[in-house]
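Spelled out from the first residue to the last, the chains are:
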Amino acid sequence: MSETKKKGYLTNKEIRAIAKANAKQIKKLEAYKNRKAEESEFLTEMKDDGNILEIDGLHTYFFTEQGVVKAVNGVSYDVPKNKVVGVVGESGCGKSVTSMSVMRLIQGPSGQIVEGSIRFKAYDYKRDEKGNPIPKGEGKYEMEEKIYDIAKMPINEIHRIRGKQVAMIFQEPMTSLNPVFTIGEQLDEVTFLHVPGATKEMAKAKSEEMLRLVGIIPENVYPRFPHELSGGMRQRVMIAMALAAEPRLIIADEPTTALDVTIQAQILDLLQDIKKKIDGSILLITHDLGVIAEMADYVVVMYAGKVIEKGTVFEIFQDPKHPYTIGLQKSKPTMTLDDSTELYNIPGNVPNPVNMPQHCYFKERCAKCTAKCSGEYPGMVQISPTHFVACHLYDGEDKNG
Ligand SMILES: Nc1ncnc2c1ncn2[C@@H]1O[C@H](COP(=O)(O)OP(=O)(O)OP(=O)(O)O)[C@@H](O)[C@H]1O
Ligand code: SF4
Ligand SMILES: [Mg+2]
């Protein structure tokens, strides 16, 4: 019997075909994720020794009943050592899915890293042939620098970096803190987890040191439960917790969005301060261009699962190239706007994530679109040693050779 097809709806036959194709892909990717592997299989080299993180051609998909959502569709950007990289872009463009891929927190089986590399310069235990850390006395272990490809790590090896070398600060601290344990117990746990042989005294001393670092008097907060603290205080605790493992990279995903404006400013000051004190880098994800301008050294602009422009904070704010980046800046409120000036709103919507077009994803919303824009998706054009843009308007300006 023939199935009637309504526009925008899938037929049963199509639904069955999608489910079958999804199951095949998921089976293969889950087996890869859960495989046993020698360390040599996920060791690699950095492209540039000055970077702590290099995301290269990352594809992270969600295999849904409607089809494959290419949430992260070929994303590449670097985080240099001791720098802050800000990632901006409108809701749903793949900022969080990229950072969750770095932490390998993508929820399977439907969510999967499908392709690409996530190179991370770790400082980890030197291991013997059996894979065990090598002690060097007094509870200490031999350490060495190692470059891991996080995307190729079996999931049971991810403890080597997650929470320890790479820590994450989320938007809503209450969801990351356990309501039944005191702040002190939760902070101490970080040391127990990451320092083999740590004693209760060592863990408490470390927890108190971290609380002081985030501007908290330890005695006031160490014995308290999360619900006894304000939102700003909880976010400080989350930052203390992220710092306790002395990570090389902190990922802060909308760290101030859930807080009111004055507390936001305090948390940003704190992050600035910490940036100077720690020997690490920060990947800062936010909707707020003001926060990026204040905090970041480099900016990555994402649109519909792709990076469409990246450069230094100066390049992106003073000389934005992509029509979307220019639109984003026009839609940002400023002190000079009077009541009669309406904020610019980029017209139109992001295309359906299941059926992305072959051409530039911004085409339907772009006022500068030319005939070329109906052709292939634009490649990355290098404008300066640090400034890149994916837009046909700059095709002749490539400084890359
Ligand atoms: N579990 C899931 N199943 C299907 N699609 C998902 C899932 N999680 C995320 N997505 C899709 O992935 C895309 C990217 O989501 P992501 O959370 O990375 O956006 P974002 O840029 O962080 O947005 P926001 O600014 O709102 O936090 C979205 O289109 C979203 O619909
Ligand atoms: S490639 Fe064309 S459609 Fe896309 S942003 Fe550039 S000018 Fe606009
Ligand atoms: Mg997000």
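Residues numbered from 1 in each chain as written. Chains lettered and ligands numbered in written order. Predicted model: local features only at pLDDT ≥ 70, side-chain atom pairs only at ≥ 80, totals over all residues.

Strands sit in the order β2-β1-β4-β7 across an open sheet of four strands; the sheet is antiparallel. Looking at the sheet topology across the chains shown, the edges are occupied by β2 (67–80) and β7 (143–149). Direction aside, the axes of adjacent strands within the sheet are offset by 15 degrees on average. In this structure, strand β1 (residues 51–64) lies alongside strand β4 (residues 111–125), joined through eight bridges in antiparallel fashion. Paired with Tyr-61 across the bridge in β4 is Gln-112. (Pairing = 2+ DSSP bridges. Helix = DSSP H or I, 4+ residues; strand = E, 2+ residues; numbered from the N terminus. Axes fitted to C-alpha atoms, helices over the stretch in contact; angles between N-to-C directions.)

As assigned here, the chain comprises domain 1 (166–244) and domain 2 (323–397). Measuring from the centre of the C-alpha atoms in domain 1 to the corresponding centre in domain 2 gives 41 Å. (Domains from an automatic or database assignment.)

The subject of this paragraph is the site of ligand 2. Every one of the 13 residues lining ligand 2 counts as a neighbour, but Cys-360, Cys-366, Cys-369, Cys-373 and Cys-391 are closest to it. Among the residues forming the shell around ligand 2, the class breakdown is nine nonpolar, two polar and two charged. (Near = placed C-beta within 6 Å. Nonpolar A, V, L, I, M, F, W, Y, C, P; charged D, E, K, R; others polar.)

A sheet is described by the order of its strands in space; here eight strands give the open sequence β8-β9-β10-β3-β11-β12-β14-β13, paired in mixed fashion. With one partner strand each, in any of the chains shown, β8 (166–169) and β13 (381–382) form the two edges of the open sheet. Here strand β3 (residues 84–88) pairs with strand β10 (residues 281–285) via four bridges, running parallel. Its bridge partner being in β10, Val-84 is matched across the sheet by Ile-282.

This paragraph deals with unusual backbone geometry. Each neighbour pair has its own omega, and for Gly-108 with Pro-109 the value is 0 degrees, a cis peptide bond. By the element assignment, Pro-109 lies in the loop between α2 (95–102) and β4.

With that out of the way, let us pick up the site of ligand 1. Residues in close proximity to ligand 1 total 17 residues, the closest being Phe-62, Ala-71, Ser-91, Ser-96 and Val-97. Among the secondary structure elements, those contributing two or more residues to the shell around ligand 1 are β1, β2 and α2. Sorting elements by how many residues they give to the shell around ligand 1 places α2 first, with three residues.

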